Amino acid sequence: MIIDLTKLMYGQIYKLPVEGKLVIPTDILKNTDIRSISPVKVSGFIYNNEEELDLEVVVSGVMVLPCARTLKDVERPFSIEINESIDENDDKYLKIIQNRLDIFPIIWQYILVDVPLRVLHPDAKEEPIYGNGWCLITEDDTKEVIDPRLAKLKEYEKE
């Protein structure tokens, strides 16, 4: 998403509106957990503070992630507030070239940070988890199960 900063740089306006939809290329999703992502809605402003630019935008969309148990697709909506300062002399990943600024690297960085470590499909919670000689015991299950080695101690509780 390339933004023309000419009016902002020459002091004609104090804040520049940033509105639009950003389509994330599918090849950039290769090394992430994101299977697909809807066009990302970007809205906000870029402010001119004498030595730097302040980017204040809200990024929202829907990403599709794999379920941690079943690997089914799970849609996860996201909404991220971005407040970033951009210095003209900064050697970071953003460069102002010919009064134009590409804010895609900042948006992509914030989206990647917002990806959860794991998500569960609504159907996955009802499926019991077990294997050969083991089963998953939840906190609710532990209240009902009494270790047979400690069953004798139950007699002392009544006295």
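So, how was this worked out
- Residues numbered from 1 in each chain as written.
- Predicted model: local features only at pLDDT ≥ 70, side-chain atom pairs only at ≥ 80, totals over all residues.
- Heavy atoms only, no water.
- Helix = DSSP H or I, 4+ residues; strand = E, 2+ residues; numbered from the N terminus.
- Polar contact = N/O pair within 3.5 Å; in protein donor to acceptor, adjacent residues only side chain to side chain.
- Buried < 20%, exposed > 50% of the residue type's maximum accessible area, 1.4 Å probe, protein only.
- Phe/Tyr/Trp six-rings, centres within 6.5 Å; stacked < 30°, edge-to-face > 60°.
- Lys NZ or Arg CZ within 6 Å of the ring centre and 35° of its normal.
- Salt bridge = Lys/Arg side-chain N within 4 Å of Asp/Glu carboxyl O.

**Some thoughts on the side chain of glutamate 84**
Summarising the element assignment, glutamate 84 is placed in strand β6 (residues 73-87). Side chain to side chain, glutamate 84 and tyrosine 110 meet in a polar contact 2.9 Å long.

**Describing the side chain of histidine 121**
Position of histidine 121 relative to the elements: it lies in the loop between α2 (104-114) and β9 (130-131). Taking the relative accessible area as the measure of exposure, histidine 121 reaches 16% and is therefore buried.

**Points about the packing of aromatic side chains**
For the coordinates displayed, the defined rule picks out 2 aromatic pairs. Aromatic side chains phenylalanine 45 and tyrosine 47 sit 6.1 Å apart centroid to centroid with 45° between the ring planes, which places their arrangement in the tilted category. The cationic tip of lysine 15 hangs over the ring face of phenylalanine 45; the distance from NZ or CZ to the ring centre is 4.3 Å.

**Some details on the pattern of salt bridges**
All told, the structure shown has 2 salt bridges when counted by the stated rule. Measuring nitrogen to oxygen at the nearest pair gives 2.3 Å for the salt bridge that ties aspartate 73 to arginine 35. With aspartate 73 in strand β6 and arginine 35 in the loop between β2 (15-22) and β3 (36-37), this residue pair connects regions lying 38 residues apart in the sequence. Using a relative accessible area of 40% as the deciding quantity, one classes arginine 35 as partly exposed. When the shortest N-O distance is used, the salt bridge between arginine 76 and aspartate 114 registers 3.3 Å.

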